[in-house]
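The lines below spell out each chain.
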Amino acid sequence: LAKTTQPISMDSYEGQEVNITCSHNNIATNDYITWYQQFPSQGPRFIIQGYKTKVTNEVASLFIPADRKSSTLSLPRVSLSDTAVYYCLGVPLYRNAGNMLTFGGGTRLMVKP
Amino acid sequence: NAGVTQTPKFQVLKTGQSMTLQCAQDMNHEYMSWYRQDPGMGLRLIHYSVGAGITDQGEVPNGYNVSRSTTEDFPLRLLSAAPSQTSVYFCASSYQGAEQYFGPGTRLTVT
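These figures come from a predicted structure and were not determined experimentally.

Undergrad: How do you make sense of the sheet that holds strand 6 (residues 61–64) of chain A when you look at a structure like this?
TA: Whenever strands of a sheet pair, they do so through backbone hydrogen bonds, lying parallel or antiparallel. All names here are of chain A. Here we have four strands laid out as an open sheet, ordered 2-7-6-5, and antiparallel in their pairing. The sheet is open, and its two edges are formed by strand 2 (18–23) and strand 5 (53–56), each paired on a single side. Strand after strand, the sheet turns through a mean of 15° between neighbouring axes, direction not considered. In this sheet, strand 7 (residues 70–75) lies alongside strand 6 in antiparallel orientation, the contact comprising three bridges. Along strand 7, the bridge assignment pairs Ser 61 with Ser 74.

Right under this line is the structure:
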């Protein structure tokens, strides 16, 4: 199971672009890189997922280099409401009884006015 | 769809008591999981299931039991509550792999 490493915390200001990098040196061939967002007192919420290159949706972009040993979540023009914890994990697309998902400590993003 | 529902929202137990945390989903998802989250920490997987009748242990299974008799329900049983089990418990479901849908959580305090 892929172990991921992320910065513990980051600060930003409203309107800035925020990039959170996750290291996953032993990512498995079948694993997708998946990011979740968690607000206080709520369960995590899926943000974005990708395998290689770049994926973009209405919330974020995800950049994954060819070697797949790291990935970068990009949040364009953050607002105060983006203050949350962001988790990166490697997820097999097809899970069986041997696949566990592991959420690490995540990155605590604080957006300031 | 109601998504993933959890009951109760809050619970206080005395040491040694037992209880069941309920989790239900109406999305016909195969995979369901239970996590606990201690203050300021990430989520830790307790037990999970990849389909009705199939369950397996996660990272921190001791003190908890699960069963999966139907696709919709995945209850978590605390056998003999201990103060170390004070935490927020999240249930999640997904179809196959990545996008898990989480419930609102149950905040449990054991005194």
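Undergrad: Whenever I open this one, the layout of surface pockets confuses me. Can you help?
TA: The calculated volume of the largest pocket comes to roughly 410 Å³. In terms of lining, the largest pocket is formed by 24 residues, of which the most central are Gln 38, Pro 40 and Ser 41 of chain A together with Gln 37 and Gly 40 of chain B. Only strand 8 (84–92) and strand 9 (107–112) of chain A together with strand 9 (87–94) and strand 11 (106–110) of chain B provide two or more residues apiece to the lining of the largest pocket. A class-by-class count of the residues in the lining of the largest pocket yields 12 nonpolar, nine polar and three charged.

About the thresholds
Residues numbered from 1 in each chain as written. Chains lettered and ligands numbered in written order. Predicted model: local features only at pLDDT ≥ 70, side-chain atom pairs only at ≥ 80, totals over all residues. Heavy atoms only, no water. Pairing = 2+ DSSP bridges. Helix = DSSP H or I, 4+ residues; strand = E, 2+ residues; numbered from the N terminus. Axes fitted to C-alpha atoms, helices over the stretch in contact; angles between N-to-C directions. 1 Å grid on protein atoms, 1.4 Å probe; cavity = no way out; pocket = protein on both sides within 12 Å on 5 of 7 lines; lining within 4 Å. Points joined across faces, edges and corners; volume = space filled by probe spheres on them. Nonpolar A, V, L, I, M, F, W, Y, C, P; charged D, E, K, R; others polar.

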